[in-house]
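# Descriptive analysis of the structure
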Amino acid sequence: MTRLAVSAPGEKMAAVQDGGSEPEGEKEPQPELPSDGSSAPAATPASKPEEQQQQQQQTLLAVLQFLKRNKLIESVDALRREAGLADEPDEAPGSEAGGGVGGAAAGSADSADASALLSRVAGAAQSGAASAPAKGGEDQPDVSVVLSAYSQQGDPSLYQVYYSGLKKFIESVLDCHRAELSQLFYPLFVHMYLELVYNNHESEAKAFFEKFSGDQECYYQDDLRVLSGLTKKEHMKGNETLLDFRTSKFVLRISRDSYQLLKRHLQERQNNQIWNIIQEHLYIDIFDGMPRSKSQIDSMSGSLAGEARREANKAKVFYGLLKEPEIEVPLDDEDEEAENEEGKPKKKKPKKDSMGSKSKKQDPNAPQQNRIPLPELKDSDKLDKIMYMKEATKRIRLGPETLPSICFYTFLNVYQGLTAVDFTDDSSLIAGGFADSTVRVWSVTPKKLRKVKSAADLSLIDKESDDVLERIMDEKTASESKILYGHSGPVYGVSFSPDRNYLLSSSEDGTVRLWSLQTFTCLVAYKGHNYPVWDTQFSPYGYYFVSGGHDRVARLWATDHYQPLRMFAGHLGDITCTRFHPNSNYVATGSADRTIRLWDVLNGHCVRVFTGHKGPIHSLAFSPNGKYLASGSTDGRVLLWDLGHGLMIGELKGHTDTVYALKFSRDGEILASGSMDNTVRLWDAFKAFDDVETDDFTAATGHIHLPDNSQELLLGTYLTKATPVIHLHFTRRNLLLAAGSYNSQ
Amino acid sequence: MRPARPDVTSSAGLVGGEKGTTVKMASPKTLPKDAQVMIQILKDMGITEYEPRVINQMLEFTYRYVTTIIEDAKIYATHAKKSSVDADDIRLAIQCRMDQSFTSPPPRDFLLEVARQKNQTPLPLIKPYAGPRLPPDRYCLTAPNYRLKSLQKKVSSSAGRITVPRLSVGAVSSRPSTPTLGTPAVQTMGSKVGTPVSLTGQRFTVQIPSSQAPSVKTATPSTPGAVQNVLINPSLIGSKNILITTNMVSQNSSSDSGSLKRKHEDDDDYDAL
């Protein structure tokens, strides 16, 4: 592997090595050269001649770089003369590792492409491996790893032996350790298989796969099926997810005792191939404490990159809500609420605790008001807020005894073309995104949809009249629904703005479009993703919106910037669901790599990683108090997460198919979930979170044994005739609205 | 797989003419070999439920892809002056097609680097009271995407010839000849159209670019009298249509706007009548 031929990570590597082995610097090149000379031919007895030559070239490049670093100029010149190398190959791997796509894409010859890929892979593994010696604390394994990386390519037939050896060992350990060590099987299997494929040992790879793929856990079956179709190196190049898998570290959490057992076993054997793979590709997060049971491990595993490291979930998250602004209400109204808290505290209704700022001091868990810039309230927004508060007083208190009524909006004659639905917050409008690239907006109330008059007609109206806002609307074209044309591909996400002026839609054509709901025309097309955008959502305060798509990146935009403000990169698979936190400071993204990440809008850092789902995540919902997150995926489970501590606190089993819709009721008492199995289920959210408060979170490992109480938490199951539920929405008075398209077959 | 064109009409097992039924396959013996292979591939990849048309779709894609690659490889082989296509040509053809049509998203380290740079800049402050918050106009889609006709009246003077600086044959209106044109009105935006010229037997569109600056757009389309027409002697036309669109005013502004037939033209799409 060209560990030393890569620029920036290479510097780190060299630094570590130089720091540790400065006196050996002189001696090392000498034994390096002959050993390289001898290992190169020994490394590739079975490979094709061009493979061998390429490896020799890589070795020479590696040696050259090392010599240059140690300022052995004459040796460099001598070697270069003898090898007949030009300067240019030295630059290419370095720049490509730094620059990424451009070089790799432009490479036309197969070998150049492969070497670019190789250096890229090595470069990324490099930065991970740089921490490995820091952890291991020794230099020798690195050099031997480098050399053995060549030699292990020559022994493809031995891979089966190594794997079965490990299997036998793990089966022989104590029960309590066996569950933990069994976690190793899957990543080792995949990495060994990919090594074989990458080094063109197709038949050995196939044999290896057939022998051991049946042993893996059931929830990895989808990945294994993708792997089974991947038999040549060329197949790997197009598959970004697998490349990411190869370059990122699979995280395992193992107790110290189990780890010692494993280490002792692997190091006493002659071949340490598996140990090499572990060091290179796996990150073992060691904890002190009891080994975990199989069920505990199963509940947390399933993602493409293993579990989350403990440090990944340690950052502070401000999950509290922002303070509501104080609004003066004109007191000539027939309702006698006094929102002016300073003036009339006696008249405060008891339901107002979320509205009024009872405690003047800052909630320690809430972000500062100005942590991220938010648009200030316009007069129309203040009127909206007043309406909101009025409706809130008429809200029904839900609970296990008072379940909400459900009103279902069925889209007919769509023939599986409905791909996205959204309601406005006050439930007055529905938007549907369709596979024929249109977006349609309907009015839920009897009031028709009107657009603003054309410029000619606007000049004719009386601008001074009181009802000017009605006069500017065109009565002649009022209709129940309006169709918005503009996208050139199916529309996968729609989102209304909180002030009901704008509608966002994201589509397979890679753009996110902003539509005006006053003129019903398209205002802006935001281009940034070049691949399908699977979901988009406006921030609860307007102005910002987030979108996520096939390119594995979620972007934060503002309506008045044509380029994104933040890019959230880190997922290994497509981002299928993006949601804002109620305080607009965090964005949650669910992905096809079966993890959920929480991103900080302020600096773009990933503050939480939640693993545990066994399929791509299709729905996310934050609780109204901002503390909890619910997620639903294709495996039919709904998982509940505590944001402050970064832990899984609940699992709701019941659905038999993908959960596409999740919504909390307005006060967070009930969680409603809608799924492809044509049902809506209601769960008792208060009870699910209550059970958790009493547990002791200070266990450093954070392993919660989840009680299997899904049945107690399930409050009701409501079946539709043949309509998968795509969207759920609680009105301001806690009536549940659901939407889906009738599936006639 | 043989690159034979699959028979599209042999849709395997559409039951009852229903749209979108899941698989109710006819017995595999009756299917062509290509379709059987495709069914096997789908099964291997774990796809168990699919509409019958999917097989046809996949086969068509396969055929198209393979022929494109092979044709490209043939071109590369002839370029390299080889007598036959070999594996290197195919490999090159595949690679070029991959870079062109089947691009994949950027790799993770690149994305992380770009994201790191982008996330360093602080969030911009929001200007208060700014009206609708939209990007600068050139990034919005709010500009008009049409242009109205210019309104100049100009007396043309040339005699005897139609000046034809630019012939756009491609813009010929392919309407069948209508002898009864009524008033053979021709849309013009002013022209130096000369009077009678024998134009029989020809069908062409003439565009004479204006040498004047384009006129100011009118804001309201309802302004009357914006149409300039040329009345051409019917004897000119014969049995063919002649479309003359010019940008200069003709000498005969007639009031025949009422009987004007709307012509199919390139520039002026929205003539007010």
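Rules used throughout
Residues numbered from 1 in each chain as written. Chains lettered and ligands numbered in written order. Predicted model: local features only at pLDDT ≥ 70, side-chain atom pairs only at ≥ 80, totals over all residues. Heavy atoms only, no water. Phe/Tyr/Trp six-rings, centres within 6.5 Å; stacked < 30°, edge-to-face > 60°. Helix = DSSP H or I, 4+ residues; strand = E, 2+ residues; numbered from the N terminus. Buried < 20%, exposed > 50% of the residue type's maximum accessible area, 1.4 Å probe, protein only. Pairing = 2+ DSSP bridges. Axes fitted to C-alpha atoms, helices over the stretch in contact; angles between N-to-C directions. UniProt positions renumbered as here; feature names shortened; annotations may be inferred. Salt bridge = Lys/Arg side-chain N within 4 Å of Asp/Glu carboxyl O. Parallel < 35°, antiparallel > 145°, perpendicular 65-115°, else oblique. Left-handed = near helix turned anticlockwise from the far one by under 90°. Contact = heavy atoms within 4.5 Å. pLDDT = per-residue confidence, 0-100. Patch = residues over 30% accessible without salt bridge, like charges linked within 9 Å, V, L, I, M, F, W, Y side chains within 5 Å. Areas by Shrake-Rupley, 256 points an atom, 1.4 Å probe, with all protein chains shown as cover. Core = buried A, V, L, I, M, F, W, Y, C linked by side-chain atoms within 4.5 Å. Buried area = accessible area lost by both parts, 1.4 Å probe. Polar contact = N/O pair within 3.5 Å; in protein donor to acceptor, adjacent residues only side chain to side chain. Nonpolar A, V, L, I, M, F, W, Y, C, P; charged D, E, K, R; others polar. Arc of directions from axis to C-beta.

### Here we look at the packing of aromatic side chains
Residue and element names in this part refer to chain A. Applying the stated criterion across every chain, the model contains 31 aromatic pairs over all chains. Judged by centre distance (5.6 Å) and plane angle (45°), the ring pair of Phe189 and Phe209 falls under tilted. Highlighted residues: Phe189 in helix α11 (residues 185-198) and Phe209 in helix α12 (residues 202-212), separated in sequence by 20 residues. When its relative accessible area of 0% is taken as the criterion, Phe189 is described as buried. Given a relative accessible area of 12%, Phe209 falls into the buried group.

### A closer look at the sheet that holds strand β18 (residues 595-600) of chain A
Residues and elements named next belong to chain A. Spatial strand order, β16-β17-β18-β19: four strands in an open sheet with antiparallel pairing. Pairing within the sheet leaves two strands with one partner each, and these edge strands are β16 (575-580) and β19 (606-611). Averaged over all neighbouring strand pairs, the angle between strand axes comes to 20°, with direction disregarded. Sheet topology places β18 next to β19; five bridges connect them, and they run antiparallel. Its bridge partner being in β19, Leu598 is matched across the sheet by Arg608.

### Focus on the sheet that holds strand β23 (residues 647-652) of chain A
All names here are of chain A. One open sheet holds the four strands; their spatial order is β20-β21-β22-β23, and the pairing between them is antiparallel. Two strands close off the open sheet at either side, each with one partner strand: β20 (617-622) and β23. Within the sheet, the average angular offset between the axes of one strand and its neighbour, ignoring direction, is 25°. Here β20 pairs with strand β21 (residues 628-633) via five bridges, running antiparallel. Each residue of the ladder has a partner; that of Ser619, found in β21, is Gly632.

### Some points on the UniProt feature "repeat: WD" (unreviewed entry) in chain A
Residue and element names in this part refer to chain A. In this numbering, the UniProt entry assigns the feature "repeat: WD" (unreviewed entry) to residues 418-452, 484-525, 526-567, 568-609, 610-643 and 652-684. As annotated, residues 418-452 has a helix share of 0% and a strand share of 49%, and its two end C-alpha atoms lie 28 Å apart. Structurally, residues 610-643 is divided into 0% helix and 56% strand, and its ends, taken at the C-alpha atoms, are 10 Å apart.

### A closer look at the pattern of salt bridges
Residues and elements named next belong to chain A. Per the stated rule, a full pass over the model turns up 35 salt bridges over all chains. With its nearest N and O atoms 3.3 Å apart, the salt bridge here joins Lys294 to Asp298. Here the residue Lys294 and the residue Asp298 both occupy positions in helix α18 (residues 294-300), the gap between them amounting to four residues, near one helical turn. On the basis of relative accessible area, Lys294 is assigned to the partly exposed category, the value being 38%. With a shortest N-O distance of 3.0 Å, Arg395 and Asp667 are connected by a salt bridge. Residue Arg395 is located in the loop between α19 (379-393) and β3 (406-411), and its partner Asp667 is located in the loop between β24 (659-664) and β25 (670-675); the two are separated by 272 residues in the primary sequence. For Asp667, a relative accessible area of 25% gives the class partly exposed.

### A short note on the packing of α11(A) against helix α15 (residues 240-247) of chain A
Residue and element names in this part refer to chain A. Where α11 meets α15, the closest approach of the two axes is 11 Å, and the angle between their N-to-C directions is 110°. As the angle between them shows, α11 and α15 are arranged roughly perpendicular. As for the relative orientation of α11 and α15, their crossing is left-handed in sense. Touching Val190, His191, Leu194, Glu195 and Tyr198 of α11 are Leu242, Phe245 and Arg246, all from α15.

### A few points about the confidence of the model for chain B
All names here are of chain B. Per-chain confidence: chain B averages 65 in pLDDT, with 45% of residues scoring 70 or above. Segment residues 163-232 is flagged for pLDDT under 50; beyond a separation of four residues in sequence, or across chains, it makes 183 contacts in the model. Counting contacts from residues 234-259, a segment whose pLDDT is below 50, to residues more than four positions away or on other chains yields 93 contacts. In the predicted complex, the global pTM is 0.69; the interface-specific ipTM is 0.72.

### Concerning a nonpolar patch on the surface
Residue and element names in this part refer to chain B. A surface patch of nonpolar side chains, about 290 Å² in accessible area, is lined by Val37, Ile41, Met45 and Ile47. Position of Ile41 among the secondary structure elements: in helix α1 (residues 33-44). You can call Ile41 partly exposed: its relative accessible area is 39%.

### So, the nonpolar core
The nonpolar side chains of a soluble globular protein tend to be buried with one another. Residues and elements named next belong to chain A. Formed by 47 residues in total, the largest nonpolar core has its most connected members in Leu194, Phe208 and Ile278. The biggest single contributor to this core is α11, with 11 residues. If near-sequence neighbours (up to four positions away) are discounted, Leu194 is found in contact with Leu227, Leu230, Met236, Leu242, Phe245 and Arg246.

### Section: the interface of chain B and chain A
In this complex, chain B contributes 42 residues to the contact, which on the side of chain A involves 57 residues. Buried surface at the junction of chain B and chain A, both sides included, amounts to about 4100 Å², of which 59% is carbon and sulfur. In this assembly, chain B and chain A are joined by zero salt bridges. One can count 10 residue pairs in polar contact (both at pLDDT 80 or more) joining chain B with chain A. The dominant element in the side of chain B that touches chain A, judged by the number of residues it contributes, is helix α4 (residues 108-120) of chain B, at nine residues. Residue composition of the side of chain B that touches chain A, by class: 23 nonpolar, 10 polar and nine charged.

### Side note on the environment of Leu514(A)
As for its position among the elements, Leu514(A) is in strand β10 (residues 511-516). In this structure, the C-alpha to C-alpha distance between Leu514(A) and Leu503(A), residues 11 residues apart in sequence, is 5.8 Å. Beyond its immediate stretch of four places on either side in the chain, Leu514(A) contacts Tyr502(A), Leu503(A), Leu504(A), Thr521(A), Cys522(A), Leu523(A), Val524(A), Tyr526(A), Phe538(A), Thr559(A) and Leu134(B).

### Observations regarding the confidence of the model for chain A
All names here are of chain A. The predicted model of chain A has a mean per-residue pLDDT of 78, with 77% of residues at 70 or higher. In the model, residues 1-47 has pLDDT below 50 throughout and makes 67 contacts with residues more than four positions away in sequence or in other chains. The model gives residues 331-357 a pLDDT under 50, and that stretch makes 36 contacts with residues more than four places away or in other chains.

### Things to note about helix α13 (residues 221-228) of chain A
Buried within α13(A) we find Asp223(A), Leu224(A) and Leu227(A). The arc that holds every buried residue of α13(A), seen down its axis, measures 100°, which confines them to one face.

### Details of the packing of α11(A) against α12(A)
If you want to describe how two helices pack, look at the angle between their axes and the distance between the axes. Residue and element names in this part refer to chain A. Following both chains from N to C, one finds α11 and α12 inclined at 160°, their axes separated by 8 Å at the closest point. When the axis of α11 is compared with that of α12, the two are roughly antiparallel. In this structure, α11 crosses over α12, and the sense of that crossing is left-handed. Residues Phe189, Met192, Tyr193, Leu196 and Val197 of α11 pack against Glu204, Ala205, Phe208, Phe209 and Phe212 of α12.

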